[in-house]
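Overview (structure and organization)
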Amino acid sequence: MNAPETDIQQSLDDPRLQLAIYTATRRLIDHRAGVVSDEALPHYQDLRNEANAIKKHTIENLDYYLEQLESNVIAHGGKVVFCRTGQEAADFVLDLAKKRGVHMLVKSKSMTSEEIHFNERLEKHHLEAVETDLGEYILQLAHQRPYHIVAPALHLTRYDVADVFTKELGAENEVVIEKQTKFARGVLRQKFLEADIGVSGANFLIADSGAVVVVENEGNARLSTSAPKIHIAIAGIEKVIPRAQDLAVFLNLLGRSATGQPLTVYTSFLSGPRRATEIDGPDEFYLLLLDNGRTKLLADPEKRQSLYCIRCGACLNHCPVYRKIGGHNYPWVYSGPIGAIITPQFHGVTEETWLPFASSLCGACAEVCPVKIEIPKLLIKLREEVVEVKRRQASGDLERFAFRLFAWIATHPKIYLLLASLGSVFFPIVPRIGPLKKWDSQRTLPQPANQSFHQWWASRVGRSKGSS
Amino acid sequence: MVGEQGGPVERLFMTSREQILGDIRRSLKRAAGQPPLFEAAPLSAPRLRIPLTDRNLSVELFGQKFENLGGKFFRVRDTLAVVPAISELLAQKSAVASNSPFLRKCGITGLPQVHAAFTDREELKAACAAADIGITSVDYALAATGTFVMLSSHNEARLVSLLPPAHIAIFPRSRILANLDELLSILPRPADQTSSMVLITGPSRTADIEQILVRGVHGPGEIYAVVVDDE
Amino acid sequence: MNTRVSLFVTCIVDQVFPQVGIAITEVLERLGYQVDFPEAQTCCGQPAFNSGYPDEARTIARHFLDVFRDSEYIIVPSGSCASMISHHFADIFQHEPKLLAETHRLEPRVWEFSRFLLEVAGVDDVGARFDGIVTYHDSCHALRELRIKAGPRKLLAKVQGLTLAEMDVAEECCGFGGTFSVKFPEVSGAMARTKIDSIQKTGASTIVSIDSSCLMQLQGVIDRAGLPIRTLHLAEVLASR
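Reference entry: report on the structure contained in this document. The shown structure was predicted, so the numbers you read here are calculated from the model rather than taken from an experiment. (Residues numbered from 1 in each chain as written. Chains lettered and ligands numbered in written order. Predicted model: local features only at pLDDT ≥ 70, side-chain atom pairs only at ≥ 80, totals over all residues.)

1. Topic: the overall build of chain A
Counting its regular elements, chain A contains 22 helices and 10 strands. For chain A, the spread of C-alpha atoms along the three principal axes comes to 100 × 55 × 50 Å. Expressed as a percentage of its 468 residues, the buried residues of chain A come to 57%. Considering only contacts in chain A between residues 6 or more positions apart, those separated by 24 or more positions represent 73%. (Helix = DSSP H or I, 4+ residues; strand = E, 2+ residues; numbered from the N terminus. Buried ≥ 20, exposed ≤ 12 C-beta atoms within 10 Å, placed from the backbone. Contact = placed C-beta atoms within 7 Å.)

Here it is in structure tokens:
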């Protein structure tokens, strides 16, 4: 499948979009840098190593920790529902809503729910799911998908937002951001108070506590999980960590890596329905544990580290490719470097074969990943898999022939020198017309050298021999 | 056998739970009921980093961090000084107070514009939705980040610090801890105590539109901390 | 001195920028080293490795091991090629114990040029002179895999007449990325243009790097835009008198 070239070109040609992406990511880059510096966080690298080790241990023993999580959730009065697919998760919620006579639920930000098209599945059966995170709410009204893992409406201006509110809610066209926010707050407050079900995601699942941890800045997750009578949390199975005390590592990394905040405004540690002595909180708690292909990623020992991701978005912010093409040019809800490595693993390497190659392998992502996922290494692994697929499909022949030929030339120095002297060594590396034409579309080609270094050396040696 | 692959027919009779756990075990080459392995992927004891701090410096640090976040910090000598310190904030406003004994001690619950002693969830919700200010104590505060730590209990309901557009937290300085690591050190399993532990670090905010910061999106946009020194 | 050093000139320098190899030879000889050039050398295999052709990369890497088996110091004028050898040959040979052992013996003998000068030759002043404002581009593999950042700047600081002006985005990728530059030319070009916009703000007339591939990418975009900026390898600056 081919890259969305025209869409990428369109994004590159849109100066407003380019400025929005660049400045938003630059701000996040600078904020992060300020709080992980040697002065601010001297043990930052130790934390990364610890986070990687905890995730590795947990993923390598995932069944154990999921069972421990489950038994602790049950011990605190909650229920656990394992869901192989998004449809199973949606079906459970629809069923529960029907039993309880619920027609509307409120929802806080959850990339996992985007992944499974949760809202659409519910809406098909007339269960209204209201996004309450401001950015997600705007996108819901605008029928768009998130542009960035942490900053979903990064690509929209205040004028876009004003138009959305006017078109979808009949509001007066208001372009002052503070007023737009107040307006959304008022609309959503009603929903929080009316809804009988609140759905959240989970940043972490705590095995020894049967708890979900949800971090946020707005307060909509707190409201979604505290005001309605029922709380449903949806999370991928990979979100589990062994102990509440492990949060000392992860919470010290997550906010800093994502937005440069040592802690986000609200961190909720929720374990089930309210206790007998508590005054408010939900009466029922359900934890939906989602597979949706994660067990497939688990099967590959080298690439299963992709499941360590804590969805901070740092890799997106630092990726020079993401910062040019933006979130919507990636084929799935997960964009940027993490998207590039998990999309082929979830969807199969034969889909979107261009994706692992849309990287210069600069390594900026790996440098900032709080859990030390070796993203460039996995991209190369995926490239090998794509090449292998193409070999079996007997496509991509020309490129394969070129590399094979170059390998042969590079191991036969005399031939290499002969071709070099003919000035044609580089040409067999890539097919003649295509790549040279592509280079030329953006840059001038380098001037060929009068003589290679080999030739210069040979003549120098010849000169010194001659003179002795 | 549960946990084994089974053919497609057997899978039909396996629950999702069995299928998922079975798939995981197959991928990891683990058996059902097997304890976690530590050799290839060790798990160390949690490493908690708690700086040594002087009690006095903790209060100051908390105050600094709190104000950096946009909160307003009051430090008062004793419980009698609390009401005078916040009287201006409460003037012409309606407030809901939690059932924290410390608030009673500080004379908050006796004030005319303060509604307290809620035990019914719906009444509490309605009162909080209508109130201008929510007044609570805290279970702990974290100096390093200017954070309130609130555990849901019969003394502290969740919605008091969440629904009203302003939140005042009044607490003795003895509840201030150094940082998150210290909190987890004294409270290794919050779920043993409560269904909800919330860390509140600053006023509710968003930068979702053009990365411009706006306060008070869903949670309180104005937050106040009153620390009582001699407690 | 008579210490022998072997030069692995890299295929791009060999074919496109031989002047870089010549400059390195001059600088090393000026410092008293005896420079050896194993003429059977060709490539490190990075283009194949990065493009998903591990077998071809292995073939080329094997040849490299043969050619440089007896070299005590292998000087490389490229961060990406040096890190290919010292960091990724081990990936290529991970299932071949004998070649893996050979690779591990080779790794400590591989020296990116600027690092060799500072850490082996122990010099930061090679007596160079270069008039003008220069800005330094941190090439990705050098920066992130070899941890080279301060070194080249130290060397440039000692060049007479040279003013070093830092660009805002020195650590951002230039957009080359090997075949990335021709598979995604529009993105590659846009990345380069971002660098060049930043470079123009420094007032520098010369961009210096330790990777010729980056310089080729940047110069290509500069020439297309008709800007009066040139690119030079660090070795060329250090060879200037």
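That was the structure; now back to the text.
2. Comments concerning the sheet that holds strand β4 (residues 110-112) of chain C
Residue and element names in this part refer to chain C. Spatial ordering of the open sheet is given by β2-β1-β3-β4, a layout of 4 strands whose pairing is parallel. The open sheet has two edge strands with one neighbour each: β2 (34-36) and β4. Adjacent strand axes in the sheet meet at a mean angle of 35° when their direction is disregarded. Relative to β2, strand β1 (residues 4-7) is paired through 3 bridges, and the arrangement is parallel. Within β2, the position partnered with Val 5 by the bridge is Val 35. Of the strands in this sheet, β1, β2 and β3 (74-76) are in contact with helix α2 (residues 18-30), which crosses β1 at around 170°. (Pairing = 2+ DSSP bridges. Axes fitted to C-alpha atoms, helices over the stretch in contact; angles between N-to-C directions.)

3. Some thoughts on the interface of chain A and chain B
Each partner contributes residues to the interface: chain A has 78 residues there, and chain B has 65 residues. A total of 7 residues in the side of chain A that touches chain B trace back to one element, the largest contributor, which is helix α10 (residues 177-194) of chain A. Looking at side-chain class alone, the side of chain A that touches chain B contains 34 nonpolar, 24 polar and 20 charged residues. Taken together, the 5 bridges between strand β9 (residues 266-270) of chain A and strand β9 (residues 196-200) of chain B define a ladder with antiparallel strand orientation. Residue pairing in the sheet places Leu 270 of chain A in a bridge with Ser 196 of chain B of β9 of chain B. (Nonpolar A, V, L, I, M, F, W, Y, C, P; charged D, E, K, R; others polar.)

4. Remarks on helix α9 (residues 158-169) of chain A
Residue and element names in this part refer to chain A. The terminal C-alpha atoms of α9, which comprises 12 residues, lie 16 Å apart, in line with the 16 Å expected from a rise of 1.5 Å per residue. All of the buried residues along α9 are Val 161, Ala 162, Val 164 and Phe 165. One face of α9 carries all of its buried residues, which in axial projection span an arc of 160°. In α9, the exposed positions that point more than 90 degrees away from the buried face belong to Tyr 159 and Lys 167. Buried positions along α9 lie against α8 (134-142) and α10. (Expected span 1.5 Å × (residues − 1). Arc of directions from axis to C-beta.)

5. A few points about the sheet that holds strand β7 (residues 230-236) of chain A
Residue and element names in this part refer to chain A. Judged by pairing direction, the sheet is parallel, and its 6 strands sit side by side in the order β1-β10-β7-β4-β2-β3 without closing on themselves. Whereas interior strands pair on both sides, the edge strands pair on one side only; in this sheet they are β1 (79-83) and β3 (128-131). Pairwise comparison of adjacent strand axes, ignoring direction, gives a mean angle of 25° for this sheet. Strands β1 and β10 (284-290) of the sheet are contacted by helix α4 (residues 62-75), whose axis makes an angle of about 145° with β1.

6. Observations concerning the pairing of β1 of chain C
For β1 of chain C and β3 of chain C, the ladder comprises 2 bridges, and the chain directions are parallel. Bridge pairing in β3 of chain C places Leu 7 of chain C opposite Ile 75 of chain C.

7. Overview of the pairing of β9 of chain B
Residue and element names in this part refer to chain B. The element β9 is largely enclosed, with a buried count of 5 among its 5 residues. Taking every second residue as pointing to the same face, both faces of β9 are buried, with Ser 196, Val 198 and Ile 200 on one and Met 197 and Leu 199 on the other. With 4 bridges joining them, strand β6 (residues 147-151) and β9 adopt antiparallel strand pairing. Paired with Val 149 across the two strands is Leu 199, which belongs to β9.

8. What to know about the interface of chain A and chain C
On the side of chain C, 51 residues touch chain A, which itself brings 47 residues to the contact. Sorting the residues of the side of chain A that touches chain C by element identifies α1 (5-13), α15 (322-325), α18 (375-393), α19 (397-410), α20 (413-421), α21 (433-442) and α22 (453-467) of chain A as the ones contributing at least two each. Of the residues assigned to the side of chain A that touches chain C, the class counts are 29 nonpolar, 11 polar and 7 charged.

9. Some details on the packing of α9 of chain A against α10 of chain A
Residues and elements named next belong to chain A. Relative orientation of the contacting elements α9 and α10 amounts to 35°, with a least axis distance of 10 Å. You can see that α9 and α10 cross each other, and the crossing is left-handed. Counted together, Arg 158, Val 161, Ala 162 and Phe 165 of α9 and Ile 177, Gln 180 and Phe 183 of α10 form the full contact between these two elements. Across the contact of α9 with α10, the residue classes break down as 5 nonpolar, 1 polar and 1 charged. (Left-handed = near helix turned anticlockwise from the far one by under 90°.)

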